[in-house]
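# Survey of secondary and tertiary structure
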Amino acid sequence: MTQVMSTLAKVDWKRMVTYTVNNPKQAFINAAIAYVLFRQTLKMAKKVSIYGLRSTFSLLWKQIAGVLVRHIRRAPGTGIVVQRNISKIVKDIEDSMNVAVPGESKYLTVPDQGMSDDEILAILKRRQNEAGIDWKNGRASGAVYHGGEELVRLTNEAYAMYNLTNPLHPGVFPGLRRIEAEVVRMVLDLYNGDAECCGTTTSGGTESIIMAVRSHVVWGREIRGINNANIVVPVTAHAAFDKAAEYFGIGITHIPVDPLTQKVDLKAMRRAIDSDTVLIVGSSATFPHGVADDLAALGRMAIKYKVGFHIDSCLGSFIMPFLKEAGFPEIVCDFRLPGVTSISCDTHKYGFAPKGTSVVMYFNKQMRHYQYFTISTWP
């Protein structure tokens, strides 16, 4: 600060004012250029502080390369060649997925005559395992979370009982609303939520994450007056955070992880937080490596900088809370941690609920309120 004041004291302000009065147009242009350069310098300095000099230049080169590729694709001659190659690759992918099955018909229009029950069931049976992958014996990763045949039978019976209910009308189906509330409270209890904690069910982990981001964006706008919100996430965080950032038009900064532990770099995370940050994220555990970030440290960081803190426990779901009981070192990933404002937990993974269900939890009802959308002018 002393150096800045000393530099400002050396400026010939009288001469600057005279020049501005005599050349207002050029002075405005100079000021605009200086402002743009200053903003870009600040952005570059922030990136260097987060990623380091080498990685920053690598990211910058990727951005420049991306711009060049986009311009090349728009060029009259080159663009056609590039698009032709892309179309060929897409076609190859489509062909590899849409392999014709011998003897199997394609139904592309509504049939003139309806099929019998047996015909429909026969088609469904044939298509149930066209890929021939033996996922029941562990020959697939992450696609199916199987709780056993007895649970499948119970789930099918439950589906049959409730397949015509509509949760949008709790007045017609109050029992369904009660079931949802009880599921939410069970998961909250699992994650040590107190009486103030609350949540909702969603269609899966992606929607839970998107809803949590929305809640914090609205909270930032309503409470802190932030109109250009951003979130800060580990590079290993689920891609749903990127989707949420694109949906809501907000900034997102990806923080590198330690090359040995694969946990998010706390120093880099701290440097990335600014006055427009509404949310930081930690995983329990990450999809790429199955590692839990330093959640306690992230919680303290959230409190210090007055931002929200979301724990993504979609994958850890019904495993992480039982580590201690199973004889493993406990990893606290719930509302016992100070600073946690929301948690996502997939019930359709290791809770073995049917696809797709998840629960998003909040530390109080006000934060959940920001998730909701209402309109009073719809006729």
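Below, the structure is looked at part by part.

Thresholds, definitions, all that
- Residues numbered from 1 in each chain as written.
- Predicted model: local features only at pLDDT ≥ 70, side-chain atom pairs only at ≥ 80, totals over all residues.
- Heavy atoms only, no water.
- Disulfide = S-S within 2.5 Å.
- Helix = DSSP H or I, 4+ residues; strand = E, 2+ residues; numbered from the N terminus.
- Phe/Tyr/Trp six-rings, centres within 6.5 Å; stacked < 30°, edge-to-face > 60°.
- Buried < 20%, exposed > 50% of the residue type's maximum accessible area, 1.4 Å probe, protein only.
- Pairing = 2+ DSSP bridges.
- Axes fitted to C-alpha atoms, helices over the stretch in contact; angles between N-to-C directions.
- Patch = residues over 30% accessible without salt bridge, like charges linked within 9 Å, V, L, I, M, F, W, Y side chains within 5 Å.
- Areas by Shrake-Rupley, 256 points an atom, 1.4 Å probe, with all protein chains shown as cover.
- Salt bridge = Lys/Arg side-chain N within 4 Å of Asp/Glu carboxyl O.
- Lys, Arg positive; Asp, Glu negative; His and termini not counted.
- Charge placed at Lys NZ, Arg CZ, Asp CG, Glu CD.

### Some details on the state of the cysteines
Per the counting criterion, the structure on display carries zero disulfides. In this model C333 remains outside any disulfide bridge; the closest cysteine sulfur is found in C345, 8.9 Å from its own. With no disulfide of its own, C345 lies 7.3 Å from the sulfur of C314, the closest cysteine sulfur.

### Some details on the environment of G147
By the element assignment, G147 lies in the loop between α6 (117-127) and α7 (149-162). Sequence spacing of G147 and A353 is 206 residues, and the spatial spacing of their C-alpha atoms is 8.6 Å.

### Examining the packing of aromatic side chains
Tallied over the full model, the rule gives two aromatic pairs. Each ring, one from Y145 and one from Y350, has its centre 5.0 Å from the other, and the planes form 85°; the classification is edge-to-face. Linking Y145 in the loop between α6 and α7 with Y350 in the loop between β6 (342-345) and β7 (358-362), this pair joins segments that are 205 residues apart in sequence. The class of Y145 is buried, set by a relative accessible area of 14%. Note on Y350 and F352: the rings are 6.5 Å apart at their centroids and 80° apart in plane angle, and the pair reads as edge-to-face. Here the aromatic residues Y145, Y350 and F352 are joined through ring pairs into a cluster of three or more.

### Overview of the sheet that holds β7
One open sheet accounts for seven strands, arranged β1-β7-β6-β5-β4-β2-β3; its pairing is mixed. Both edges of this open sheet fall to β1 (198-202) and β3 (251-255), since each of them pairs with a single strand only. For this sheet, the mean angle separating the axes of adjacent strands, direction not counted, is 20°. Two elements, strand β2 (residues 230-234) and strand β4 (residues 277-283), share three bridges in a ladder whose sense is parallel. Paired with N230 across the two strands is T277, which belongs to β4.

### Observations concerning a positive patch on the surface
A grouping of K267, R270, R271 and K304 is seen on the molecular surface, where their side chains present a positively charged patch. Per-element accounting of the positive patch gives the leading share, three residues, to helix α11 (residues 266-272). Mapped onto the fold, K304 is located in helix α12 (residues 295-305). Given the relative accessible area of 58%, K304 is considered exposed.

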